[in-house]
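Topology and contacts: notes
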Amino acid sequence: MRCKKVIEETREILRLLGIDERRLRLKWISASEGMVFAEEIHDFVQQLQTLGLNPLKTDADPILDLPEKKSS
Amino acid sequence: MDPLKHLTQKQIDYCMECGLCTGSCPVSRELSNFSPRQMIKQVLLDLESDLMNGREIWACLSCAACSERCPVEIDFPEFISARRQQARDAGNVPQESHHGVLQTIAGLQTREVNQQRTYWAREAGVFADTGDVFYFVGCLPFFDVTFRYLNLSPLDTARSVLTLLNKMGVEPVISDHERCCGHDALWCGDHSTFRRLAELNLEVIRSSGAKTVVFSCPEGYVTFKKYYPQHVGELPFEVLHMTEFLSRELPNAGVSFQSSSNRTVTYHDPCRLGRLAGVYDPPRQLLESLPDTVLVEMERNRQYALCCGTSAWMECSSCSKAIQVERIEEAGQTGAQTLITACPKCQIHLSCARSAMDSDIEIIDLYAYLAMRLTTE
Amino acid sequence: MTQKTRLTAQAEKTGSVTVIGSGIAGIQAALDVASSGFRVHLVEEKANVGGVMAQLDKTFPTNDCSSCMMGPKIAKLATHPDIEILAYTDVLGLNGEPGRFQVTLKKKARAVDPQKCVACNICAEKCPQKVPDPFNMHLQPRKAIYIPYPQAVPLVYTIDKEHCIYFKKGKCRVCEKVCNNKAILFDQEDEIITLETGALILAGGLELFDARRKQEYGYGRWPNVITSLQYERMLSAAGPFRGRIQRLSDGQRPGRIAWIQCVGSRDSHLGNDYCSSVCCMSATKQAMITREHSLDIDTTIFFIDMRAHGKGFDRFYERSASDNTVRYVRSLISRVVPNPEDDSLCITYCEPDRSLRDETYDMVVLSVGLCPNPSTVQLAKVIGVPLNEQGFIASQPLDIVATAKPGVYVCGGAQGPKDIPDSVQQGSSAAAQATAVLADSRGSLVAVPRSLPQRDVSAEAPSIGVFVCHCGVNIAGVVDVEAVADFARKLSNVTYATHCMFACSTDQLREMQQAISDHQLNRVVVASCTPRTHEPIFRKTLQEAGLNPYLFELANIREHDSWVHQAEPEAATQKAKELVRMSVSRARLLEPLYEGSYEVVQSALVIGGGLAGLSAALSFAQQGFEATLVERTAELGGNARTLAYTEDGSSPARYVQDLIEEVENQPLITVCKEAQVTSTVGSCGDFTSQIADKNGSRSISHGVVVVATGGQEYKPTEYLYGRHPRVVTQKEFEDLLQAAPEKAKQLQHVTMIQCVGSREPEFLYCSRVCCTAAVKNSLQLKTINPDAQISVLYRDIRTFGFKETAYLQARRQGVRFYRFELDRKPEVTRHADTLLVSVFDAQLQTTVQLPSDLVVLSAAIRPRPESRELAETLRLPLDEDGFFMEAHPKLRPLDFAAPGFFLCGLAQGPKFADESISQARGAVSRALAVLSRKKIATDSMINRVDAQLCRACGECEKACCFEAIKVKQVDSGRQQAVVTAAQCTGCGVCNVACPTGAASLAHYKDEQINRMIED
């Protein structure tokens, strides 16, 4: 499908640019899978915290503060 | 020095409203309210608000067809480039094509990216990290992903260049750290991005130790040759276009080419190589040096060549399409089987339009064509 | 507001239909009737609509969430200008005649004023009286003042007078004290009203069998024995345990769960002979979901026959066994023995090798049967509608939705236990039948939309009003609403910002309109709940205040914020501010949008002249619309011509001959025989098709297409068919019984083999009718020759619903049944001049030899090969078995995904003759939503193409799955992408595909979205 193709191409561009492609995630979630959505986001945020701040960020970028790392 | 003031005084005042510019302009033929003559007049009389706020300022292709004809040598592309910087500061931005992905990539390259963009070279030939000759590849790896949907492989140009260079005994420097030359940023009025890219590129070339930098892309070539010195000072290395390099070195390099059934070709002069950089003969010499090859010129060639219709990945529209269709029909009229392009963007834009047309002509990149014609051992 | 559109004098039929019962069947009937130009009174005895489907967690075979599917239908119901919902209302009586009935209703007093109640829940929170909650199957309590779930329609609370302290003892009245809006009215009285109505549809639904009547299973005595619907509530994420599976005795997770099927069904002992149709699939679904939930819960289903007779069911069942490893045991349970130490349950069952096995389970789910709703039974008696033997409303032969009383129709569970797609189909079918009688009065009682003047804001700078809603405590309990309003006020272009208790309440909406006028606001942002609930109301409010309704933006700070971040009020408040900021950024760039419209060609094209096609064409004519019927062969009637009798005594063969005569004499129908449709272009409401016959080709215009191309009997290659004269199919056997009963009389030993060509790996579907056909033909042979020995070799007997009684009859008359399994099929060999059938009986575990005079094969129903051609011509989808694929297997079984196309009959899947007829009318009902209008409004939130930027590259056309955008030649002679407004759904895929930015989605332009992120 189109979405898959576009995401794949975006991954290639990220690889060329040397940006960790784990920062891009694609997941299909239906409206009734609320828990799946929440878990996926938590998992993604955790992974992003492990990957650390984006090395390409500059001071001019608007900040999206990641929440405090949870102990669980 | 403020380039704007410089222009205003020298360039615009000389205009005598003769109309040759608008008459030569390919965009004016499609967009009735686009007129280089009027734009100059508006600025002259300080009636700039229309120019600053409208779309027309972005419709210019900076192809220099107008400047080529202008009797008082007004550099219209320079004029537009300066005005665009003003317009951008005032919040007027162009319609970026392909969802702005190429502009985003160039923007990201102003930061500390750790690019991995030489994988294609490892498979295609031999290259080094340091050396005398630096092959500046440009945006080809990114074009290769973004324009796959048109069944194009822009990296074939780079592969072909590397093959040719290797065959000549040259192991060029190819770097992971190249940035976009900044051509698009410059022509879209984003001078701060342009400057940053230029600085980073100079650093990359300096640390490779190269004395000569060769470009297959006309835009990279003319940007380094003409515009880098204007913004970041004299360059400490030689800047050559690949056709110049090849036509100089190839005859003595012991490389032979073979005949092909694909022998009648026509050649499209890119605006950036032709009118903006003055390189007309080297590509022709290369083609004519091939055995059994006939080059048939299009009606509008060399400094009169028609632009490929789109510039700087913006404002692609029905106007662009109409110009492209005209050019391909012109190529068809030569009777040639193949249209040779020497610029990745010309190849992409003309191929895109050709896919919607009933035309048999093949569009092949110059270097790919040369590589194709190499004698097989 | 009513408006008479005709000037004829009196004796006119009332242009309305009253639907009694608001389960899925009633809802579908109501929506279809209202969409075709009639007023609907939807009467529901409970306090809110939804029926059983609202209680389900997921539905088979797609495992879609039930409330997700119902939500949009109920939302449409609630906001439809021509549907009046009369909830908490009983029916007292019916007088009059078809077209001019008077129905008497009692609107029961809720003791709550629906105009004032805003469903804030404060009353229920403070109410001291707890009551077992029937919606949650008594698994948890609710209060005496209640709403079954937060999204209920109508969104009004009700006082359960039987349990309310005030109504019982005269004390308390706490709810009255805490209600901010003074909505409690203890002395509200019941109201008796009489409505004039044209027709009645009974859709009163089902009730569960009382499992206490099967004492041996211990329901009601042993805590871990529960019913299927209780388990359903347990599985539901909105249920009493938030989707956590747990034993009722100790709250622990069960390790092993057993399902017992047929509790209260197929049980002559209890007087419920019939099969409840859905429990096999329901248990399969529940077990599958349980396994998906956690692989350390073992699931076992104890059953008699696995009835997977619907579309997609067999695959679902096979998948549950292979992928989810649900265990199936073909043995019913005699009793469940409790283990008092840990409340586990012991089940004994018998294995094929005759040994008995004991197993212990932590929980037992009883798949209880479905019984008629007692109030429907009572109503039927009062108004004189006869019931059938099983106590459900009796259908007329071959007309499932007609009752014996003219003008009164039935659909859904009230007619008999059935699944959701069948209920939906019948709802549509009943709608068509009910309105056919009233066709002349179409449009006479529908609301006329008012046109409101709009202020032109194009010259104004954005002036935004922000309204932050408390939603009682739903938002304000977590988010500091005042702080959000203060924050909003500081954003640029925000002229006015405030906070309010309930933005959706009538008086607040009035204040909003006042604010728009006072501050000359030209954009409105409301920060509250999800757009799904109230966006239409807010848009309407803007319209009434003179603003274009699309200048409205909603920030969801409830579902997206307060409800999911309850533990972090500070972060939630910060998030609410960010959400409001995003909405304000977007609001600045919103533009007014206007709906377009185009004219409808008010006629239909029906493809296929069999039972379904003929019924559809006639139904269109009865509704007053022209229809063209295209039939490929030289004769009308299809398969029905040779279907002499059904298991309930009807004769489709005779019926179809009458039907053909009616159709051929009907002036509104044009019949084209030996003709085919070679192309169809256009969009919903405006199609042009080419019909080719031996005289050439001509084109017709029509508004809708109904596909009824039928099916055919599979010609087997197995079991010596075609190579031995004594091996025949069921259809051939039927012909023999009808045409040559003397020959039939001589048959001594007949063996029937089921599932020939069905339920095989390459054809993994059930042909639905064959078990019943085998039983029917066995009974027919028995009447001719009572001494004939008949053996039926089967894998599962799928005589679902009331057909179960025929199966019982067959067994009583001595027909023998032998079960075989897929990996060991029977063998048919020549034996002298007759045949020998040998079958490994799975129950006896030995081979049985059956000498046979005749072997009858129950051959599968296959789609016609021509269906594939037609599918390509019309670009309609087929499923993996070659039948046409409907838009949604549960909720839209008669629609194609492409608007304006409908389907019915065998072309959709194997079915009975009466089902084909009913479906055909259902398809007509669906089509009427289009045909009954003179114009169709096109959605305004659709894609636009900037002519200048468009290069006619065609990427958009490739990307669009609705065929809504194509490259065409436009007036100037250029090529350009053009949007067909009727087809465009506003999904935006073309925007992604377009390389130049020419395609932009109105209301969701790139700039509008980008600013939300970047600002």
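Residues numbered from 1 in each chain as written. Chains lettered and ligands numbered in written order. Predicted model: local features only at pLDDT ≥ 70, side-chain atom pairs only at ≥ 80, totals over all residues. Heavy atoms only, no water.

1. Some points on the overall build of chain B
The secondary structure content of chain B amounts to 20 helices and seven strands. What you see for chain B is a C-alpha radius of gyration of 20 Å, in line with the 21 Å of a compact globule of 377 residues. Reported as C-alpha extents along the three principal axes, the dimensions of chain B are approximately 65 × 50 × 35 Å. Burial analysis of chain B (377 residues in total) assigns 59% to the buried set. Across chain B, the fraction of contacts at a sequence separation of at least 24, relative to all contacts at a separation of at least 6, is 78%. Seen as two clouds, the 35 positive and the 47 negative side-chain charges of chain B have centres 1 Å apart. (Helix = DSSP H or I, 4+ residues; strand = E, 2+ residues; numbered from the N terminus. Rg over C-alpha atoms; globule rule 2.2 N^0.38 Å. Buried < 20%, exposed > 50% of the residue type's maximum accessible area, 1.4 Å probe, protein only. Contact = heavy atoms within 4.5 Å. Lys, Arg positive; Asp, Glu negative; His and termini not counted. Charge placed at Lys NZ, Arg CZ, Asp CG, Glu CD.)

2. So, the pattern of salt bridges
Residues and elements named next belong to chain C. This structure, assessed with the given rule, holds 84 salt bridges over all chains. Its salt-bridge partner being K694, residue E674 comes within 2.7 Å of it at the nearest N-O pair. A residue pair is termed long-range when its members are at least 10 positions apart, and E674 in the loop between β32 (669–672) and β33 (676–683) and K694 in the loop between β34 (686–693) and β35 (696–702) qualify at 20 residues. Judged by relative accessible area, E674 falls into the partly exposed class, the value being 37%. Through salt bridges with shared partners, a single ionic network connects R266, D305, R307, D314, R330, R759, D796, R798 and E804. (Salt bridge = Lys/Arg side-chain N within 4 Å of Asp/Glu carboxyl O.)

3. Topic: the interface of chain B and chain C
A common way to express how large an interface is: the accessible area buried when the components associate. At the interface, 20 residues of chain B touch 17 residues of chain C. Around 1300 Å² of area is buried between chain B and chain C when both sides are counted, 46% of it from carbon and sulfur atoms. For the chain B face of the interface with chain C, the top three residues by lost area are B:H99, B:C316 and B:S318, together amounting to 35%. Counting across the interface, chain B meets chain C through zero salt bridges. Taken together, chain B and chain C are joined by six residue pairs in polar contact (both at pLDDT 80 or more). Mapped by element, the contributors of at least two residues to the side of chain B that touches chain C are α18 (318–333) and α19 (344–354) of chain B. The dominant element in the side of chain B that touches chain C, judged by the number of residues it contributes, is α18(B), at five residues. For the side of chain B that touches chain C, a count of residues per class yields six nonpolar, ten polar and four charged. (Buried area = accessible area lost by both parts, 1.4 Å probe. Polar contact = N/O pair within 3.5 Å; in protein donor to acceptor, adjacent residues only side chain to side chain. Nonpolar A, V, L, I, M, F, W, Y, C, P; charged D, E, K, R; others polar.)

4. Focus on the state of the cysteines
All names here are of chain B. Going through the model one piece at a time under the given rule, you end up with zero disulfides over all chains. Here C60 is not disulfide-linked; the sulfur of C66 is the nearest cysteine sulfur, at 6.4 Å. Not engaged in a disulfide, the cysteine C139 finds its nearest cysteine sulfur in C180; these two sulfurs lie 3.9 Å apart. (Disulfide = S-S within 2.5 Å.)

5. With respect to the packing of helix α11 (residues 481–489) of chain C against helix α15 (residues 569–589) of chain C
All names here are of chain C. The interhelical angle for the contact between α11 and α15, taken along N-to-C directions, is 35 degrees, at an axis separation of 9 Å. Judged by the sense of rotation from one axis to the other, the crossing of α11 with α15 is right-handed. Of the residues in α15, those touching α11 at A483, V484, F487 and A488 are T573, A576, K577, V580 and R581. Of the residues in the contact of α11 with α15, the class split is six nonpolar, one polar and two charged. (Axes fitted to C-alpha atoms, helices over the stretch in contact; angles between N-to-C directions. Left-handed = near helix turned anticlockwise from the far one by under 90°.)

6. Topic: the nonpolar core
Among the nonpolar cores identified, the biggest contains 83 residues, and B:W120, B:Y135, B:F224, B:M242, B:L246 and B:L287 are the most heavily contacted of them. With six residues, the top contributor of residues to this core is helix α12 (residues 155–167) of chain B. Residue contributions to this core reach at least three from each of two domains, namely domain 2 (98–249) and domain 3 (256–372) of chain B. C:I74, C:C175, C:I184 and C:L891 belong to the second largest nonpolar core, which has 60 residues in total. (Core = buried A, V, L, I, M, F, W, Y, C linked by side-chain atoms within 4.5 Å. Domains from an automatic or database assignment.)

7. Some thoughts on unusual backbone geometry
Residue and element names in this part refer to chain C. P61 follows F60 through a cis peptide bond whose omega is -10 degrees. For P61, the position within the fold is in the loop between β3 (58–59) and β4 (64–65). For the bond from V153 to P154, the omega torsion is -10 degrees, close enough to zero to count as cis. With respect to the secondary-structure elements, P154 resides in the loop between β10 (145–146) and β11 (158–159). The backbone of R173 sits at a positive phi, close to 65 degrees, despite the residue not being glycine. Tracing the chain through its elements places R173 in the loop between α4 (165–169) and α5 (174–178). The backbone of E674 shows a phi angle near 50 degrees, a positive value even though the residue is not glycine.

8. Remarks on the interface of chain B and chain A
Each partner contributes to the interface: chain B provides 18 residues, whereas chain A provides 13 residues. Both sides together, the interface formed by chain B and chain A hides about 1300 Å², and carbon and sulfur atoms give 65% of it. Among the residues of chain B in contact with chain A, B:R111, B:F142 and B:V145 are the three that bury the most area, contributing 40% of the side total. Joining chain B to chain A, the criterion identifies one salt bridge. Residue A:E12 pairs with B:R148 through a salt bridge whose shortest N-O separation is 2.6 Å. Where chain B meets chain A, there are two residue pairs in polar contact (both at pLDDT 80 or more).

No statement about biological role is implied by the geometric values presented.
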